[in-house]
Amino acid sequence: MKLQKLLLHISAIILFSCSTNAQNQDVPITTTQVTDNIYMLEGRGGNIAVSIGEDGAFMVDDQYANMSEKILNAVKEITDQPIKFLVNTHWHGDHTGGNESMQKEGAIVVAHENVRKRMSTEQFNKLWGRTTPPSPKEALPIVTFSKDISFHLNGEDIFVFHVHNAHTDGDAMVYFSGSNVLHMGDTFFNGKYPYIDISAGGSIDGYLAAHRKALLLADDETKIIPGHLKLSNKAELQAYTEKLTKLRENVENAIATGKTEQEIIDDVSLTKFLDEQDFGDWFIKPEVIRRILYLSLTAKNQSTN
Ligand SMILES: [Zn+2]
C-alpha cells in the first residue's frame, strides 16, 4: 500500500515536470520594441529587457532554464552582438533560471548581494511550504552590489539600484536613463495582486516604498516594464500604488480591531473593491493577498528604510 502511494506520488511528480516542460516548449518568445534600442521579451517567467547597440547586448532577467535556447535565438534576431551583461532583478527562478546558460555564452551576471546569498543556500518558503535547493555555482551572479551599480554602454547610463524589503530583500530596479525605460522586476505586477515573498525578506511597506521611488524617477513618458504582465507607464503605476495603499489600510484597520490571521484570510470585504477589478484573477488569490498582508503587517523588525 505504502509502495503504491509512493509510486503514485512519483508518477505525479513526473507528470507535473513533463507538463511544465511541455508548457515551456509550447510558449514562444514574443519580442516588443519599447524604444529605439530597448526590447521587451515575454515567454514563460518574468519579463526580460534587452538593450542593444554597438557595445553589446545588456539584458535584465532570463526566465526559466529551459527557455534559454529560445531567448538566445530571440536576442540573435535583434542583434549580432553577444550578451555582455545580465542583471537579475531578484533571486526567484522565473527571473534567474537562465543564468547558467547565459554565463556559458559569456554574459557577466550582476545582482544585489542578497540574490547571490539566497541562490547559494537552500530556501524555504512558508507561504507555499516549498523548499528551493541551492543553485549550482555556474548559475550564481559573479558581480554583486549592496546599494547600486551603473553601466555605461550603448550610448546611455544604466542605473541599477536596490530597493529594501519589497518583493524580496534583494530587489533591484534598472533605469535606462537615455531611453527613459524602467524595469521594476517583481516590485510591480500591473493590475494583479502582488506576490510579496515574506520568507525572503519582502514586505508591503517596502513594496510601497519601492513604488514611491519609481514614481519619483518616472515621468509621463517613461516606459515601465513590470516583472510580469503588460508593458506599463507612470499613470498605471500611480493608480496601482493608490489601490495597494487602500488595501494595506483595510487590513491594518482589521488587525487593529483584534482580528486573527484566519479571520482576515476569511474576510472577503477587505479585498472586495479589487476583486471586482479582477486583481485576484491569477496565482495570488484574494485570500492569499489577505494572508500576505496580515503576515507582513504583523511581522516584527520589518525594515523598510
Ligand atoms: Zn519574483
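Our subject in this report is the structure included herewith. (Residues numbered from 1 in each chain as written. Predicted model: local features only at pLDDT ≥ 70, side-chain atom pairs only at ≥ 80, totals over all residues.)

**Observations regarding unusual backbone geometry**
Counted only if it meets this: Three classes are used. A residue is buried when 20 or more other C-beta atoms lie within 10 Å of its own, exposed when 12 or fewer do, and partly exposed in between, with C-beta atoms placed from the backbone. Under the DSSP-based scheme used, a helix requires at least four consecutive residues in state H or I and a strand at least two consecutive residues in state E, with every element numbered from the N terminus.
A positive phi is found at aspartate 61, a non-glycine position, where the angle reads about 70°. By the C-beta count within 10 Å, which is 30 here, aspartate 61 ends up buried. With phi around 40°, asparagine 165 is a residue other than glycine that occupies positive phi space. With respect to the secondary-structure elements, asparagine 165 resides in the loop between strand 11 (156-163) and strand 12 (171-176).

**Here's the deal with the pairing of strand 1 (residues 30-33)**
Spelled out, the test is: We treat two strands as partners when DSSP finds at least two bridges between them.
One ladder, built from 4 bridges, connects strand 1 with strand 2 (residues 38-42); its direction is antiparallel. Bridge pairing links glutamine 33 to tyrosine 39 in strand 2. Remark: 4 residues form the turn of the hairpin made by strand 1 and strand 2, two consecutive strands paired antiparallel.

**Some words on the sheet that holds strand 1**
To keep it simple, the criterion reads: Geometry is summarised by axes, namely lines fitted to C-alpha atoms with helices restricted to the contacting stretch, and by angles between N-to-C directions that run from 0 to 180 degrees. With C-beta atoms placed from the backbone, a contact is any residue pair whose C-beta atoms sit within 7 Å.
Across the sheet, 7 strands lie side by side as 1-2-3-4-5-6-9; this open sheet has mixed pairing. The open sheet has two edge strands, strand 1 and strand 9 (143-145), and neither has a second partner. Ignoring which end each strand starts from, the neighbouring axes of this sheet average 20° apart. Where strand 4 (residues 57-60) meets strand 5 (residues 83-87), 4 bridges bridge the pair, whose relative direction is parallel. For valine 60, the partnering residue across the bridge sits in strand 5 and is valine 87. Sheet contacts for helix 5 (residues 113-120): strand 6 (108-112) and strand 9; angle to strand 6, the most-contacted strand, approximately 100°.

**A look at the nonpolar core**
Test applied: A set of buried Ala, Val, Leu, Ile, Met, Phe, Trp, Tyr and Cys residues, joined to one another through C-beta atoms within 7 Å, is what we call a nonpolar core.
Among the nonpolar cores identified, the biggest contains 72 residues, and Val50, Leu86, Val87, Val174 and Leu182 are the most heavily contacted of them. At 6 residues, helix 7 (residues 234-256) tops the list of elements feeding residues into this core. Setting aside chain neighbours within four positions, we find leucine 182 in contact with Met173, Tyr175, Ala214, Leu217, Ala218, Thr222, Ile224 and Ile225.

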